[in-house]
Amino acid sequence: MQIIRYLSPLSPQPQVGLQSTDGEVRPLPAGSIAELLRLSRADLQTLVESADGPAVDAGSLRLLPPVDGLTEVWASGVTYLRSSEARQEESQVADVYSRVYDAERPELFFKSPAWRVVGYGEPIGIREDSAVDVPEPELALVINAEGEIVGLSICDDVSSRSIEGENPLYLPQAKVYSGACALGPGITPIWAVADVTALDIEVGVERAGVPVWTGTTSTGLIRRGFDELVTYLRRAAIFPDGVLLSTGTGLVPDLTFTLEVGDRVDVTISGLGTLSNPVLPATAEAFAWLTPAADRRAPTDAGVAPF
Ligand code: DO4
Ligand code: MG
């Protein structure tokens, strides 16, 4: 069961619905994901469980990223040993990574406003001024305005390793640009997940149909508690439409690997589905469809075919 955001041929506005495990989609009585994240966890559960309207034709829907309104996407860094080791290898100032891995305060950074997030099947981007680019397959916590974890999603924190490796102060340029944040396919309600600390995370990158990087990890290997990350995020900031917090990557390829235009990245988390995205250059032309029509996106109109 997932909460999804979609475009239907019956309405010009994005809709919010509930997709059951057998694929059936029923509209939810809400105008946006942001509206759902203003509810308490108990009220959200009541609303989701009361979704009993007629099913819509799932085949005619186009999935959108499950984030809108004032909801922001933030990310945690160096929460897995593999991430700490890989960044020490790529960086000119390695000790900032070993220190933050052990520090009391976690690394948290702003990743994306809702409008720049891409969803299932939409392209992710790699910068033309970057030599080494990677997907970062991560579990994302979906947090309501009150700070309760109400759901889970999949985030690809697409990153430039070469720009961050040159100087950690370049982190925003390595992490925040067109096509750098993919989320989806939907939001799995937290009450439908048996154990958040034992989810398998898998990544696969295909080039011309051939796998060029695969990896697996588990949320059991994270060094931080999920509640700890949420508490730090909300220490001095309010999120009126809730917030998504990506929890960091435990999968980083060798430095010899870099994403290429035309690759396809699949990130799978047990129980949450698979997030799939083709790779494009992060140019204004390739991502013009993201703006200004954040609510009327249609990359196919811009010649970018979802697969
Ligand atoms: O320290 C930089 C970012 C780390 C990160 O994104 C991760 O560990 O996933
Ligand atoms: Mg990351």
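(A) Inspection of the overall build of the chain at higher detail. Within the chain, the secondary structure is distributed over 7 helices and 17 strands. A compact globule built from 307 residues would reach a C-alpha radius of gyration of about 19 Å, and the chain, at 18 Å, matches this within 12%. Taking the principal axes of its C-alpha atoms as reference, the chain extends roughly 55 × 45 × 30 Å. Buried residues in the chain amount to 54% of all 307 residues. Put simply, 74% of the contacts in the chain that link residues at least 6 apart link residues at least 24 apart. Counting every atom, the chain has about 12,600 Å² of accessible surface; 52% of that belongs to carbon and sulfur. A gap of 4 Å separates the mean positions of the 22 positive and 42 negative side-chain charges of the chain.

(B) Structural view of the coordination of the magnesium ion (ligand 2). Looking at the metal site, the magnesium ion (ligand 2) is ligated by Glu136 (OE), Glu138 (OE) and Asp157 (OD), spaced 2.0 to 2.1 Å from it. Read in sequence order, the donor residues coordinating the magnesium ion (ligand 2) give the pattern E-x1-E-x18-D. Classification of Glu138 as buried rests on a relative accessible area of 1%.

(C) Just the site of ligand 1, in detail. Not every one of the 16 residues close to ligand 1 is listed here, only the nearest: Val78, Ser83, Glu107, Lys175 and Thr249. Separating an oxygen atom of ligand 1 from a side-chain N or O atom of Glu136 is a distance of 3.0 Å. Within the side chain of Glu138, an N or O atom sits 2.9 Å from an oxygen atom of ligand 1. Protein chains bury 99% of the 280 Å² of accessible surface belonging to ligand 1 in isolation. When each cavity is represented as a set of grid points, ligand 1 is found to reside in the largest cavity. Those elements that place two or more of their residues in the shell around ligand 1 are β5 (72-77), α3 (81-90), β6 (107-113) and α6 (171-175). The residue makeup of the shell around ligand 1, split by class, is 4 nonpolar, 5 polar and 7 charged.

So, how was this worked out
- Residues numbered from 1 in each chain as written.
- Chains lettered and ligands numbered in written order.
- Predicted model: local features only at pLDDT ≥ 70, side-chain atom pairs only at ≥ 80, totals over all residues.
- Heavy atoms only, no water.
- Helix = DSSP H or I, 4+ residues; strand = E, 2+ residues; numbered from the N terminus.
- Rg over C-alpha atoms; globule rule 2.2 N^0.38 Å.
- Buried < 20%, exposed > 50% of the residue type's maximum accessible area, 1.4 Å probe, protein only.
- Contact = heavy atoms within 4.5 Å.
- Areas by Shrake-Rupley, 256 points an atom, 1.4 Å probe, with all protein chains shown as cover.
- Lys, Arg positive; Asp, Glu negative; His and termini not counted.
- Charge placed at Lys NZ, Arg CZ, Asp CG, Glu CD.
- Donors = N, O, S within 2.8 Å, 3.2 Å for Na, K, Ca; no water.
- Near = heavy atom within 4 Å.
- Polar contact = N/O pair within 3.5 Å; in protein donor to acceptor, adjacent residues only side chain to side chain.
- 1 Å grid on protein atoms, 1.4 Å probe; cavity = no way out; pocket = protein on both sides within 12 Å on 5 of 7 lines; lining within 4 Å.
- Sits in = over half its atoms within 2 Å of the grid points.
- Nonpolar A, V, L, I, M, F, W, Y, C, P; charged D, E, K, R; others polar.

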